[in-house]
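Each chain, written out:
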Amino acid sequence: KIFINICSEAQIGAPASVSTSQAGQTGLKWSIPYSLSKPRDDLDRSGGGCVVYDAIFHPDTLYLASRDARIKNLVHNTAFDALKTTFNVIVDTQNIKYPKLKFKGVFHPTVIRKARDSSEKSPTGENSLDFVEKAVTITPTFSIKYRNSTDLQDYILQSNTVSSSRPKEMVIDIELPKLDSAANLDLDVQERFLSLVRETPPCHKLNIELPFPVDENNGNAKFDKSRKSLVVTLPIKPGAPVMKTERLSSNDSGIEMEESNGGGVANNTAEGGHNDVSKKASLP
């Protein structure tokens, strides 16, 4: 039985990636530098003998592994390959367990050194496994809601103008289910445009044309960890006051129509304060 401690040390080379293409798909080829300690004898929980190794990576490597399961899997495979190459230890990948231990055994300082020539096996090396991932950029889904604040003057009858019908605030809810925080998110807000970009995996890109002009200098954004969403609140610039118009109408035309007893029609026209009544009777 063996245990492998995944450790970090800033003196180890940082991870690097280069863009590559395979079968018409673009992706990244990762290079993961590492160092491997000498084996140490120890005891497992039941008192049986075991061997402990330390696989040491740059802190940035472990940070990427904590953010992306694919990088985490690459780190593990790098450690397994290092054991095979350096100590001829083959790891049974079908029987791997992950105990809840921060560190197995007693810590021993490890001297990091380079091989003197290419024929000498060194516990320090670099795994340049092809890790080609499809370059997918996620376009987040979003929703826009509006808020209005109540002001007493909005209910005061004014003679010539009325206030704008625009809402006071715009709330944009951007869903980011693959992220745990707003780290590495680049948010840019202009008067009529919002842009959200994340260039590190998982990559995100979103462009929104805003329906109302906003005050880009007074907005705020907050990441909701429970919902895994970014809530952006932006004040909307008020519109110009609208001139109040009145429509004058009357249902009284000033003309009345009556039927006469003889079946004719009588027209009563009011003009100049006098009522001139003309009657037309039907002839036999």
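Residues numbered from 1 in each chain as written. Predicted model: local features only at pLDDT ≥ 70, side-chain atom pairs only at ≥ 80, totals over all residues. Heavy atoms only, no water.

## Structural notes on the overall build of the protein
Helix and strand counts for the protein come out as two helices and 19 strands. If you sum the accessible surface of the protein, you get close to 20,100 Å²; carbon and sulfur atoms cover 49% of it. (Helix = DSSP H or I, 4+ residues; strand = E, 2+ residues; numbered from the N terminus. Areas by Shrake-Rupley, 256 points an atom, 1.4 Å probe, with all protein chains shown as cover.)

## Remarks on the pairing of strand β15 (residues 229-235)
With five of seven residues buried, β15 is to be regarded as a mostly interior element. One ladder, built from seven bridges, connects strand β10 (residues 169-175) with β15; its direction is antiparallel. Among the inter-strand pairings, glutamate 175 is bridged to a residue of β15, identified as serine 229. The turn linking strand β14 (residues 220-224) back onto β15 is made up of four residues, and lysine 228 within it adopts a positive phi angle of 55°. (Buried < 20%, exposed > 50% of the residue type's maximum accessible area, 1.4 Å probe, protein only. Pairing = 2+ DSSP bridges.)

## A word on the nonpolar core
Soluble globular proteins tend to bury their nonpolar side chains together. Within the largest apolar cluster, 18 residues are counted, with the highest numbers of intra-cluster contacts made by Ile172, Ile174, Leu176, Leu194, Leu210 and Leu234. Looking at this core, the elements that each hand over two or more residues are β10, β12 (193-198), β13 (203-209) and β15. Look past the residues within four positions of leucine 176 in its chain and what remains in contact with it is Pro140, Leu185, Leu196, His204, Phe223, Lys228, Ser229 and Leu230. Counting 17 residues, the second largest nonpolar core, distinct from the first, contains Trp30, Ala79, Phe80 and Val89. (Core = buried A, V, L, I, M, F, W, Y, C linked by side-chain atoms within 4.5 Å. Contact = heavy atoms within 4.5 Å.)

## Side note on the pattern of salt bridges
Side chains carrying opposite charge are able to pair once their charged atoms draw close together. For the structure shown, the criterion picks out eight salt bridges. Between aspartate 68 and arginine 70 there is a salt bridge whose closest N-O contact spans 2.9 Å. Looking at arginine 70, the relative accessible area reads 36%, which means it is partly exposed. For the salt bridge of lysine 228 with aspartate 180, the shortest nitrogen-to-oxygen distance reads 3.2 Å. Here the residue lysine 228 occupies a position in the loop between β14 and β15, and aspartate 180 occupies one in the loop between β10 and β11 (186-190), the gap between them amounting to 48 residues. (Salt bridge = Lys/Arg side-chain N within 4 Å of Asp/Glu carboxyl O.)

## Describing the packing of helix α1 (residues 59-67) against helix α2 (residues 69-87)
Here α1 crosses α2 at 130°, and the two axes come no closer than 5 Å. Relative to α2, the element α1 lies oblique. When the axes of α1 and α2 are compared, the crossing they make is left-handed. Between α1, through Thr61, Leu64, Ala65 and Arg67, and α2, the contact on the second element is made entirely by Ala69, Ile71, Lys72 and Val75. Considering only residue class, the contact of α1 with α2 consists of five nonpolar, one polar and two charged. (Axes fitted to C-alpha atoms, helices over the stretch in contact; angles between N-to-C directions. Parallel < 35°, antiparallel > 145°, perpendicular 65-115°, else oblique. Left-handed = near helix turned anticlockwise from the far one by under 90°. Nonpolar A, V, L, I, M, F, W, Y, C, P; charged D, E, K, R; others polar.)

## Here we look at unusual backbone geometry
With phi around 70°, asparagine 184 is a residue other than glycine that occupies positive phi space. With respect to the helices and strands, the residue asparagine 184 is situated in the loop between β10 and β11. Its identity as a non-glycine residue notwithstanding, lysine 228 has a phi of 55°, on the positive side.

## Quick word on the environment of proline 202
Mapped onto the secondary structure, proline 202 falls in the loop between β12 and β13. According to the relative accessible area criterion, proline 202 is buried, its value standing at 14%. Between the alpha carbons of proline 202 and threonine 137 there is a distance of 7.3 Å; along the sequence they are 65 residues apart. With residues up to four places along the chain from it excluded, the contact list for proline 202 reads Ile138, Lys178 and Leu179.

## Regarding the sheet that holds β13
Spatially, four strands are ordered β7-β13-β12-β11 in an open sheet, and the strand pairing comes out mixed. Bordering the open sheet on either side are β7 (137-138) and β11, each of which pairs with just one other strand. The sheet contact formed by β11 and β12 spans five bridges and is antiparallel. By the bridge assignment for β12, aspartate 188 is matched with serine 195.

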